Structure formats: C-alpha cells, structure tokens
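# What the coordinates show
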Amino acid sequence: LVWKLSVSKMPNAEKLAKKEKYFNKLIDLCVNSPNALMVGVDYVASKQMQDIRMELRGRAEVLMGKNTMIRKGLQIGHEKHPEAGMDKLRAAINGNMGFIFATNCTLDDIRETLKKFTRDSAAKAGQVSVVDWFIPAGPTGMDPSQTSFFQALNIGTKIVKGQIELISDFKILSQGEKVSASGAVLLGKLGVRPFEYKMEVQQVFQDACVFSAAVLDISDDVLIGKFLAGVANMAAFSREVGIPTEAGLPHMFGNAFRNVAALIADVDFTFKEVEEVKKFLADPDAYAAANPVAAAPAAGGGGGGAAAAKEEQKKAVVEEEEEADVEFDLFD
C-alpha cells in the first residue's frame, strides 16, 4: 500500500501581500470613513459595476470581496480598533454583498447614483422571480400558429383579426417562485423583460452602528414632527403632575397671564401688557376696525358661526310671536 499524504500548499508571498493590502484598505475605510452602504449585488452585471465605480470616483469607494476575506479583515480590524464597531459589521455579512464608503459625499448621493444604473433582464427558466408579473388581457401580436405556448400554461385565448388575444389577465410570475420553462419562452416571444436589476441597499454602517436602510427614507420634516410631538407630550405631562419643566414653561406663563387679565378686566388698574386686552373688552368692534389683520382670523373662522347664531335667534323670535298670536282652544 502506498500512503499519500496530502500537503496543503501555503499561499505564496504575492497572494499574502494582496490579502494584507485588502485587509488594510478595509480597516482604514471602516475607521476613517465610517459611513457606508451595504449593498446586495445579485445579478448585477460587470458593466453596471464599472459604470457605478466611474460615477462615484472621487466621492465614494466601492469595495467588494469574498465573504471569508471580509470577515477575516473585520476580525483583525476589531482587534486593533474595538471602538469602530467592526464586530457588528462582521455579523451583518451575508450573501452576495459589498460596501460603498462615502468619502466625499453623503449616503443619499450614493443612493441616487445607484438608481441611475439599472438593467432590464429577460426571465430565464429556473430563475427565482423577484416580482409578480401579469400578462394583460387583449391582443398579443402573435399569430394563431403559436397558440401552443399559451396552451402549455392553460391560458385562455381567442383568435381576433388574425392574432391571438388573451381573454383575461394571467399571472405568469410569482415573487419567490422559480420561472417555468414555458413561461420564460412565452415572455421571450412577447418581448417582455420583467426583471430589473441594480445594487440594492440592504443596510447602513454609520458611526460604529449597523441599521436598516429604511432609516434613510426618514426626512427632516418627519424628525421635526416627532420631536415636537414629544415636546408637547412632555409639556402636557408636566402640567398634569404639577412639575415645572422647560417644555411646560410657556404654557404656565400663558395661563398665568390669562388669569391676571381676567382678574383686572373690570377693575381700575392696568399695566402695559394687559392694555390691548382691556381695549378689546371695552369695544370689540372698534378694536377689530383698528386691527383688521388680527381680526381677520376671528372673522373668517367665527363670522359664519355668529351669523348663523343671529339667524337662529331671529327664527326663534318669529316662532315665539306666531305661537303668542295663536292663543285659542279648539273646544271653546
């Protein structure tokens, strides 16, 4: 018997140097440019990748690699820089993905660039569909000799004016399911390219944290609205429990001023801040005429209500007069 010992070959110096260079580049980007998009590159063509690199040149760094190399580099980087959050980044590595580090632009700029480079693709047999696709009812432009393609998929058709016409919409692709051979041939005959491939932003690495890409869709207006809602809740809570807070101070002063104005409204005492209030209480019509801008909202919002109230009062008076006139008994 001849025993053969399998001896694993050690990588040569050139490969080791390339790996070392890749690790250093990955660690440097994670430490010095901690703003990156983690993108999925399934079905992305090499020409697309090249165009994206050219478009982002000088503004961002596109870094791809094998998952084993990326994990090894992030592990080494975490040992050297434990505060950079590379352990969280390493845990998020999964599937066919890469990084785009923002060196001289924002993450939104990178996302806009990725949207420009999309590729339409035909459906291939055995490929997993990423969309739901329906063939619409109506003429297909195919001659009657090609009805076998529709019959193979049990699609109801009819012949109208020398061409095949679908009776109703037919769902030929379902998201997450494989494309059938007949479906792929039929879509090719119809000239339909249902799939659209591009770099998909999956997660975001920023300031040593990894989070979902959906966070980038939150606008400044939404954040401001959420903050103001929180301030309003804090003010209401502090007023309810009687604990003064910075958020509740404007409401405290406003309520205090209203109380003081109500207290001195009918007494012969005034001060500068309450003079306008007393003028309004003394003669509302004259105040409205002298201050049309201040009176406009009240007139717009409450004018209709006041007029309606007057109309109702007039109707009530008329009804009372009519009832007063008809004072007799049917049995007299």
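Structure's up top.
Quick look at the structure, then. Here the structure is a predicted model, which means the values were calculated and not measured.

### Focus on the overall build of the protein
Across its full length, the protein carries 12 helices and 12 strands. Residues classed as buried in the protein amount to 26% of the 332 residues present. The long-range share in the protein, meaning contacts at least 24 apart out of those at least 6 apart in sequence, stands at 72%. Here the protein has roughly 22600 Å² of accessible surface; of this, 56% comes from carbon and sulfur atoms.

### Topic: the sheet that holds strand β6 (residues 138-139)
Pairing in this open sheet of three strands is antiparallel, and the strands run β6-β8-β7 from one edge to the other. Each of the sheet's edge strands pairs with one partner strand only, and the pair in question is β6 and β7 (157-160). Inspection of the sheet shows β6 paired to strand β8 (residues 163-166) by two bridges, in the antiparallel sense. For Gly138, the partnering residue across the bridge sits in β8 and is Leu166.

### Some thoughts on the side chain of Ser238
Locating Ser238 in the fold gives a position in helix α8 (residues 220-241). With relative accessibility at 4%, the residue Ser238 sits in the buried group. Side-chain polar atoms of Ser238 contact the backbone oxygen of Ala235, separated by 2.8 Å. With residues near it in sequence (within four places) discarded, Ser238 still touches Ile243, Thr245 and Gly248.

### Side note on the sheet that holds strand β2 (residues 60-63)
One open sheet holds the five strands; their spatial order is β2-β3-β1-β11-β12, and the pairing between them is antiparallel. The open sheet is flanked by β2 and β12 (209-212), the only strands paired with a single partner. Geometrically, the sheet is characterised by an average inter-axis angle of 25° between neighbouring strands, direction not taken into account. Pairing of β2 with strand β3 (residues 97-102), which is carried by four bridges, proceeds in the antiparallel orientation. Each bridged residue has a counterpart across the sheet, and for Leu63 the counterpart in β3 is Phe99. Packed on one face of the sheet, helix α1 (residues 13-32) meets β2, β3 and β11 (200-206) and runs near 135° to β2. Sheet strands in contact with helix α5 (residues 107-116) are β1 (35-40), β2, β3 and β11, and its direction is about 25° off that of β1.

### Observations concerning a nonpolar patch on the surface
Taken together, the side chains of Val215, Ile218, Val222 and Leu223 define a hydrophobic patch exposed on the protein surface, amounting to about 330 Å² of accessible area. Within the fold, Val222 resides in helix α8.

### Some thoughts on the pairing of β1
Of all the six residues making up β1, five are buried; the element is thus mostly covered by neighbouring parts of the structure. Sheet topology note: the β1/β3 ladder contains five bridges and is antiparallel. If you follow Gly40 over to β3, its bridge partner there is Met97.

### Quick word on the pattern of salt bridges
Enumeration according to the criterion identifies six salt bridges in this entry. For Asp51, the salt bridge goes to Lys47, with nearest N and O atoms at 3.0 Å. Taken as a pair, Asp51 and Lys47 lie in helix α2 (residues 46-56) at a separation of four residues, close to a single helical turn. Residue Lys116 pairs with Glu55 through a salt bridge whose shortest N-O separation is 3.6 Å. Residue Lys116 is found in helix α5, and its partner Glu55 is found in helix α2; the two are separated by 61 residues along the sequence.

Each value, and the rule that gives it
- Residues numbered from 1 in each chain as written.
- Predicted model: local features only at pLDDT ≥ 70, side-chain atom pairs only at ≥ 80, totals over all residues.
- Heavy atoms only, no water.
- Helix = DSSP H or I, 4+ residues; strand = E, 2+ residues; numbered from the N terminus.
- Buried < 20%, exposed > 50% of the residue type's maximum accessible area, 1.4 Å probe, protein only.
- Contact = heavy atoms within 4.5 Å.
- Areas by Shrake-Rupley, 256 points an atom, 1.4 Å probe, with all protein chains shown as cover.
- Pairing = 2+ DSSP bridges.
- Polar contact = N/O pair within 3.5 Å; in protein donor to acceptor, adjacent residues only side chain to side chain.
- Axes fitted to C-alpha atoms, helices over the stretch in contact; angles between N-to-C directions.
- Patch = residues over 30% accessible without salt bridge, like charges linked within 9 Å, V, L, I, M, F, W, Y side chains within 5 Å.
- Salt bridge = Lys/Arg side-chain N within 4 Å of Asp/Glu carboxyl O.

All we've got here are geometric facts, nothing functional implied.
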